[in-house]
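Secondary and tertiary structure notes
Residues per chain, in single letters:
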Amino acid sequence: MNRVKRGKVVRYNRWGYIFLIPFFAVYVVFQLIPLCSTIYNSFFENYRSGLTQIGPNFVGLGNYQKLLSNGDIWQYFKNTMIMWIMGFVPQILVSLLLGAWFSDPSLRLKGQRFFKTVIYLPNLIMASAFSMLFFTLFADTGPVNSILIQTGVISKAYKFMSHIWSTRTLVAFMNFIMWFGNTTILLMAGMLGIDSSLYEAAQVDGATATQIFYRITLPLLRPILIYVMVTSLIGGLQMFDVPQILTNGTGDPGRSSMTLIMFLNKHLYSKNYGMGGALSVLLFIITGVLSLIVFKFSGDSGKDQIPRRRRHD
Amino acid sequence: MNRKWFALALSAVMVSGLAACGGSAAPAASTAPAAESTKTESTAAESTAAVESAAPESEVTVEGTTSTLNIYCWNEEFKTRLEDHYPGYEKIDATHGKIGDVAVSFNITPNTDNAYQNNLDTTLLNMDSAPADSKIDMFLVEADYALKYVDTEYTMNVKDLGITDEDISKQYKYTQDIVTDSNGNLKGLSWQGCPGVLIYSRDVAKDVFGTDDPEAVQEYVKDWDTFAATADTLKEKGYQVMSSVNDSYRVFSNNVSGKWVQDGKIVVDPSIVNWVEDSKALVDKEETGTHALWSDDWNKGFYPDGKVFCYFGPAWMIDFSMAADTEGSIANAGGWAATVGPQGFFWGGTWICAAKDTDNADLIKDIMLKLTTDDEIMTDIVKQDNDFVNNKPVMEAMAQDETYGDAVLGGQNALAMFCEGADKIDLSNLSSYDQGCNEEFQNAMKNYFEGGMSYEEALDLFYKAVVEKYPELTY
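What you see is a predicted model; the values in this text were computed from it and never measured.

Remarks on the overall build of chain A
Within chain A, the secondary structure is distributed over 13 helices and 2 strands. On C-alpha atoms alone, chain A measures out to a radius of gyration of 25 Å, which is more than a quarter above the 20 Å that the 2.2 N^0.38 rule sets for 313 residues. The principal-axis extent of the C-alpha atoms belonging to chain A is close to 80 × 70 × 35 Å. Residues classed as buried in chain A amount to 32% of the 313 residues present. Long-range contacts, defined here as pairs at least 24 residues apart, represent 69% of the contacts in chain A between residues at least 6 apart.

As for the overall build of chain B
Helix and strand counts for chain B come out as 20 helices and 14 strands. When burial is assessed residue by residue, chain B has 45% of its 475 residues classed as buried. Within chain B, contacts between residues at least 6 apart in sequence are counted, and of these 76% link residues at least 24 apart.

Overview of the interface of chain B and chain A
On the chain A side, the residues contacting the 42 residues of chain B number 43 residues. Secondary-structure elements contributing two or more residues to the side of chain B that touches chain A are α1 (2-24), α2 (31-43), α5 (115-125), α13 (296-299), α19 (434-449) and α20 (455-469) of chain B. Its residues placed into classes, the side of chain B that touches chain A shows 17 nonpolar, 13 polar and 12 charged.

Some remarks on α19 of chain B
All names here are of chain B. Compared with an ideal rise of 1.5 Å per residue, which puts 16 residues at 22 Å, α19 spans 22 Å between its outermost C-alpha atoms and is within 8% of the ideal. Burial analysis of α19 places 14 of its 16 residues in the buried class, which makes it a mostly covered element. Within two residues after α19, G451 carries a phi angle of roughly 90 degrees, on the positive side.

Details of the confidence of the model for chain B
Residues and elements named next belong to chain B. Model confidence for chain B is summarised by a mean pLDDT of 82, while 87% of its residues fall at 70 or above. For chain B, per-element mean pLDDT is lowest for α2, which scores 38, and highest for helix α12 (residues 270-284), which scores 93. Here the complex is predicted with pTM 0.80, and the ipTM for its interfaces comes to 0.80.

Digging into the packing of helix α4 (residues 112-120) of chain A against helix α7 (residues 164-192) of chain A
Residue and element names in this part refer to chain A. Packing of α4 against α7 leaves a shortest axis separation of 7 Å and a crossing angle of 135 degrees. Overall, the two elements α4 and α7 adopt an arrangement that is oblique. Residues K116, I119 and Y120 of α4 form the contact with α7, whose participating residues are F180, G181, N182, T184 and I185. Residue composition of the contact of α4 with α7, by class: 4 nonpolar, 3 polar and 1 charged.

Section: the environment of D406 of chain B
Residues and elements named next belong to chain B. Relative to the helices and strands, D406 is located in the loop between α17 (392-400) and α18 (415-424). Overall, the presence of 22 C-beta atoms within 10 Å leaves D406 in the buried class. With 313 residues separating them in the primary sequence, D406 and D93 have C-alpha atoms 30 Å apart. Once residues within four sequence positions are removed from consideration, D406 is found in contact with I318, N386, Q412 and A414.

Re the nonpolar core
One finds F139 and Y200 of chain B to be the most contacted residues of the largest nonpolar core, which totals 124 residues. The contacts of F139 of chain B, once residues within four sequence positions are left out, are I71, Y72, L120, C353 and A355 of chain B.

Focus: the confidence of the model for chain A
Per-residue pLDDT for chain A averages 86, and the proportion of residues at 70 or more is 92%. In this model residues 302-313 of chain A is a low-confidence stretch, pLDDT under 50, and it forms 6 contacts with partners more than four residues away in sequence or in other chains.

Here's the deal with unusual backbone geometry
Residue and element names in this part refer to chain B. Although it is not a glycine, A323 adopts a positive phi angle of roughly 60 degrees. By the element assignment, A323 lies in the loop between α14 (315-320) and β12 (336-339). Within the chain, N386 stands out as a residue other than glycine whose phi angle is a positive 55 degrees. In this structure, N386 sits in the loop between α16 (375-385) and α17.

Digging into the sheet that holds strand β14 (residues 350-354) of chain B
All names here are of chain B. Across the sheet, which stays open at both edges, the 7 strands sit in the order β2-β3-β4-β1-β5-β14-β6 with mixed pairing between neighbours. In this open sheet, the two edge strands, each paired with only one partner strand, are β2 (89-93) and β6 (188-190). On average, each strand axis in the sheet is tilted by 25 degrees relative to the strand beside it, whichever way the strands run.

Looking at the pairing of β12 of chain B
All names here are of chain B. A two-sided burial pattern is seen for β12, the buried positions comprising W336 and A338 on one face and A337 and T339 on the other. Bridging between strand β7 (residues 195-201) and β12 involves 4 bridges; their strand directions are antiparallel. Each bridged residue has a counterpart across the sheet, and for S201 the counterpart in β12 is W336.

Remarks on the domain arrangement of chain B
Residue and element names in this part refer to chain B. Considered domain by domain, chain B is made up of domain 1 (3-192 + 348-410) and domain 2 (196-347 + 427-469). Taken together, the contacts link 20 residues of domain 1 with 23 residues of domain 2. Listed by contribution, the elements that provide at least two residues to the side of domain 1 that touches domain 2 are α6 (146-150) and α7 (173-178). With 3 residues, the top contributor of residues to the side of domain 1 that touches domain 2 is α7. Among the residues making up the side of domain 1 that touches domain 2, the classes are represented as 8 nonpolar, 4 polar and 8 charged.

Examining the pairing of strand β2 (residues 52-58) of chain A
Residues and elements named next belong to chain A. Little of β2 is tucked away, with 0 of its 7 residues classed as buried. Bridge count for strand β1 (residues 44-49) against β2 is 5 bridges, and the pairing is antiparallel. Bridge pairing links R48 to Q53 in β2. With antiparallel pairing between neighbouring strands as the criterion, β1 and β2 make up a hairpin whose turn holds 2 residues, including G50 at a positive phi of roughly 65 degrees.

Some remarks on the packing of α19 of chain B against α20 of chain B
The geometry of a pair of packed helices is captured by two quantities: the angle between their axes and the separation between those axes. Residue and element names in this part refer to chain B. Here α19 crosses α20 at 150 degrees, and the two axes come no closer than 8 Å. On the basis of the axis angle, α19 is roughly antiparallel to α20. The way α19 lies across α20 gives a crossing that is right-handed. On the side of α19, the interface is formed by G436, C437, E440, F441, N443, A444, M445, N447 and Y448, while α20 contributes Y455, A458, L461, F462, A465, V466 and K469. Across the contact of α19 with α20, the residue classes break down as 11 nonpolar, 3 polar and 2 charged.

Things to note about the environment of A143 of chain B
All names here are of chain B. For A143, the position within the fold is in the loop between β5 (136-142) and α6. The spacing of A143 and D181 is 38 residues in sequence and 13 Å in space, taken between C-alpha atoms. Contacts of A143, omitting those with residues within four sequence positions, involve I178, G348 and G349.

Parameters and conventions
Residues numbered from 1 in each chain as written. Chains lettered and ligands numbered in written order. Predicted model: local features only at pLDDT ≥ 70, side-chain atom pairs only at ≥ 80, totals over all residues. Helix = DSSP H or I, 4+ residues; strand = E, 2+ residues; numbered from the N terminus. Rg over C-alpha atoms; globule rule 2.2 N^0.38 Å. Buried ≥ 20, exposed ≤ 12 C-beta atoms within 10 Å, placed from the backbone. Contact = placed C-beta atoms within 7 Å. Nonpolar A, V, L, I, M, F, W, Y, C, P; charged D, E, K, R; others polar. Expected span 1.5 Å × (residues − 1). pLDDT = per-residue confidence, 0-100. Axes fitted to C-alpha atoms, helices over the stretch in contact; angles between N-to-C directions. Parallel < 35°, antiparallel > 145°, perpendicular 65-115°, else oblique. Core = buried A, V, L, I, M, F, W, Y, C linked by C-beta atoms within 7 Å. Pairing = 2+ DSSP bridges. Domains from an automatic or database assignment. Left-handed = near helix turned anticlockwise from the far one by under 90°.

Okay, here's the thing in structure tokens:
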């Protein structure tokens, strides 16, 4: 009896493995092999000049040395982080506010579904199309400038794409518009998952709405907040389509809005797998380190406040 | 047990399917070209259809044909020339046609973000493994990057097609110089010549100078100093002298004294430095803009509200690019006129190249001969499309023809001007790096013109961008 049962368990396990094969196959083919070959490629000089292939010649750490020696990569990293933070801060604030409103039953908001859909809509538009739209709107002779001139706010066209901070603000603003709906829905899900008896208890004890928000909602929301933060950080580091299209691939003015991935894209003109690979590996390391920092930082301090029950899920 | 094997078989099929997909993709690069192609798709919806359909459909045999002629190009220009002027061409749909018993298939990939060349490179490099009917037979190139293709074994020698020197003796010499490789072999032919002129708005000229007569206006733009003084006059009346500083870039860059790249080093020519100085002065006085060519801001000058005095361009620009079909544009009303301008230059042009190992060499030869040497067909092209064709006697005859006039130019016959320009074009300073260098130089200098950077910083940015594109260069 016992033996038969164990046999069945083993066989079920085997089924489990078989059904995992597709996932692993996809992972190996589309993630692991490209990852390894990227690292491998990064040690070679390998590009195309016109139709002539140059390399691959082994150059050791030459590509890394070239990338790190002129310091441009840190400038692009800085640009990426600045634009991400400029978009992320308002995004998380607005999302928290909206999430709190939407999940508060005592407010009895009307048309909730409608607004939830509407705030999510910008995310459904392709980023490049969205960027193209802003490019046209904020062009030197575009509609925004003509409105501003006609209403007398400014006397001559403001060149949005020619000033460092207006360009960065536009990029950040687009990222904000595109992603705050998504974040709101995530945070709202987290807030709805909080036991409502906690709120009731707090109300009975005479806590104000502000106190409830800071003392109950925020601490219990921490796991979701960390998740939002990490995914947004990774997405932010990979920022590409919005600034690429807004600045026509130049990262102007003076490459102050060039992100790391745009820089990577520059190397693909000459099919420069070596430099591209080295840059990708560096990006991989940066992303890993930053994610670890965020995770560690927010995970440790929250140890006591997060109820044991929630930390398991 | 049966069920188990069934499930195993299913998962095996799934895995092998995935593996097959993954195997053919170049691993590290697979993500980025995909991103690029999405962008192309978004910019030119109509051509996407062409790109997508090209691969499978080129294998589809059109009824009654024995082989397929695959043509790679980046816009509709050549296609319309072939449709309208090649005898015996039957149009089937937007990208397909038929000549006799040969099916013609166009693969149109827009130039944006280098997509056309990326596509062409891949196709040419994989040519050996492609089946005969989907093999590339013919492709078009532009002057800026012609050498990149001409100087390889992928393009066929025109002589090997059976075209003799005598056949092409009436063409302008410069159109052949561009597509002659380093061993002196001619590798392509063009039906058009692209000498440029200064195209100005008649209304603005009348308003400011009191005349729109080309010879009188020429006095106001005869050299760069006069041009700058004229810009001041125009400013007082509220007009911009050009739409963008990049308009005059070609005029300076065609009159350089040396190549962009000399012995592997990037060299900025004095003539280009002059462009920077002149342009900076114009921008500082707010007499012109800094936007990129072909941008929406640049196009504004095609309409009266844009208040732009002139553009620099060749014949194809007048007819093909200045919104002549749009109601309300200056071109539509015939409001432009042409004059020689401060300096002669050329811009663009399209060359027909035959790919090596084509299975339709005879047809390519005939297309080349008909479109680039046949007097009658070329005269038709001038009359119908106002193109400047690559045939000296035809152009000189047309220049004398008083019945001919370009509607966009208000009936002016500017061909004599073009003829004169075409004779003077000197292309000894062309290099295969021109496209990248020209683009990046304009991009970088924009920062200097707008005041965000000093000239040295902008120059540094330019070097950086060029080395990214061509890693073998130094500065």
